[in-house]
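Overview (structure and organization)
Listed below are the residues making up each chain.
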Amino acid sequence: MKDAVSISVAQAGIRLDVFLARQYPEFSRSHMQKLIVEGAVLVNGRIHKPNYKLGVMDTIEFQPPEPQELSILPENIPLDILYEDGDIVVLNKIRGMVVHPAAGVYTGTLVNALLYHCKDLSGINGIIRPGIVHRLDKDTSGVMIVAKNDEAHVNLAEQIRLKVANRIYWAIVCGNVEEDHGIIRAAIGRHPTERKKMAVVRDGGKESTTLFRVLERFGSYTLVECRLKTGRTHQIRVHMAYIGHPLLGDPKYGKKDSCDIGGQALHSYELEFVHPRIGEKMHFKAELPEDMQKILFKLRKKADRRNK
């Protein structure tokens, strides 16, 4: 059944996708953009782009998609659950696990494991990404949150957008980072020639900000803490490579290294947010995985020998 609404003077000038995401909070903005492009939304009887600016008396027709039967199968895959209640699951994702199914990968993902573990997950992100509020790259480990209902999903997504939720990562990067701390402000967009990569770009990129702080130096490597002020694809990996310090083991943005751990040495160390139902501030920490701890142990031993 189509929903129809006319735009008032107060609503004029708002982007189409922003307006609809506010009108239908059960859909994320990115999901709504996808529906607009697919023709589920008409403005004055025509398809427009998500960034179309609404005018007074524009008439919007929206055909919400029919619910789809979930076709991703549950799998009995062990999960490291840090906290769980009726609204959320906080877990420590292992390195090497894909978060949600994608082309060619339909089993062994975090979503497959969650569907076995939980009987209820939010449906805002569709049948492929139930419950997934934010994601970690396949080879990034650490703490992340999953929503068990749509109300929690909308609340948590808004906390991330408004920077109420704080995400702190630890990374081992190549080279000696001389500054004790710094801010990287550089727009990120699709790489101009390698479409599977992201890059710092001059035109067409999204504003991106990463704060970093040096935790420990080892001469040829540095352990840094990174705080995200925005959440772009591969943001920490792209930003650290941009300033000349790619992550150790990064297959896309780094270089081959003897300390390779089968992926980038990046770990989601801490996550802080407000519980979507009870309003209480919550804080979780996932200790560094064994592979990163082993690398740090070797680097400290080498540093000790040099200092003797």
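Residues numbered from 1 in each chain as written. Predicted model: local features only at pLDDT ≥ 70, side-chain atom pairs only at ≥ 80, totals over all residues. Heavy atoms only, no water.

Per an unreviewed UniProt entry, the chain carries the name Pseudouridine synthase and comes from Selenomonas sputigena.

With respect to helix H2 (residues 29-37)
Stated precisely, the cut-off is as follows: Relative accessibility thresholds used throughout: buried, under 20% of the residue-type maximum; exposed, over 50%; partly exposed, between the two (1.4 Å probe, protein chains only). A helix here means a DSSP run of H or I that spans at least four residues, while a strand means a run of E at least two residues long, and both kinds are numbered starting from the N terminus. Throughout, the arc means that of the directions going from the helix axis to the C-beta atoms. Contacts between residues were defined by any pair of non-hydrogen atoms, one from each residue, lying within 4.5 Å.
For H2, the set of buried residues is His31, Met32, Leu35 and Ile36. Looking down the long axis of H2, one finds its buried residues gathered within 145° of arc, a one-sided arrangement. In this fold, the buried residues of H2 make contact with helix H1 (16-23), strand E2 (41-43) and strand E3 (59-62). Once H2 finishes, Gly39 follows within two positions and takes phi at roughly 95°, a positive value.

Topic: the sheet that holds strand E1 (residues 3-6)
What counts here: Paired strands, in this sense, are two strands between which DSSP finds at least two bridges. Angles shown run from 0 to 180 degrees and are taken between the N-to-C directions of axes, each axis being a line fitted to C-alpha atoms and, for helices, limited to the stretch in contact.
Spatial strand order, E1-E3-E2: three strands in an open sheet with antiparallel pairing. Of all the strands in the sheet, just E1 and E2 have a single pairing partner and so form its edges. Between one strand axis and the next, the sheet turns through 15° on average, direction left out of account.

Quick look at the side chain of His48
The residue His48 is located in the loop between E2 and E3 in this model. Its relative accessible area of 18% is what places His48 among the buried residues. Non-local contacts of His48, meaning those with residues more than four positions away in its chain, are made with Leu16, Ile36 and Val43.

Some words on the packing of H1 against H2
Let me state the cut-off plainly: Throughout, the term roughly parallel applies to angles under 35 degrees, roughly antiparallel to angles over 145, roughly perpendicular to angles from 65 to 115, and oblique to all others. Put simply, a crossing is left-handed when the front helix is turned counterclockwise from the back one by less than a right angle, and right-handed when it is turned clockwise. Under the grouping applied here, Gly and all other residues not named as nonpolar or charged are polar, the nonpolar ones being Ala, Val, Leu, Ile, Met, Phe, Trp, Tyr, Cys and Pro and the charged ones Asp, Glu, Lys and Arg.
One can describe the packing of H1 onto H2 by two numbers: an axis separation of 9 Å at closest approach and a directional angle of 120°. Relative to H2, H1 is oriented oblique. The interaxial crossing formed by H1 with H2 has right-handed handedness. Along the contact surface, H1 presents Leu16, Asp17, Val18, Leu20 and Ala21, while H2 presents Arg29, Met32, Gln33 and Ile36. Taken together, the residues of the contact of H1 with H2 break down into six nonpolar, one polar and two charged.

Quick notes on the packing of aromatic side chains
Here is the rule we go by: Geometry of aromatic contacts follows a simple scheme: Phe, Tyr and Trp rings, the Trp one being its six-membered ring, pair when their centres are within 6.5 Å, and the pair is stacked under 30 degrees between planes, edge-to-face over 60, tilted otherwise.
All told, the structure shown has four aromatic pairs when counted by the stated rule. Seen in terms of ring centroids, Trp170 and Tyr269 are 3.9 Å apart; in terms of plane orientation they differ by 15°. Their pairing is stacked. Of this pair, Trp170 sits in strand E7 (residues 166-174) while Tyr269 sits in strand E13 (residues 266-274), and the two are 99 residues apart along the sequence. In this pair, the class of Trp170 matches that of Tyr269, namely buried. Ring centres of Phe273 and Phe284 lie 6.0 Å apart, and the angle between their planes is 20°; on these two criteria the pair is classed as stacked. Here Phe273, found in strand E13, pairs with Phe284, found in strand E14 (residues 281-285); they are 11 residues apart in sequence, far enough to count as distant. On the basis of relative accessible area, Phe273 is assigned to the buried category, the value being 3%. Its relative accessible area of 12% is what places Phe284 among the buried residues. Members of the aromatic cluster, each reached through a chain of ring pairs, are Tyr83, Phe273 and Phe284.

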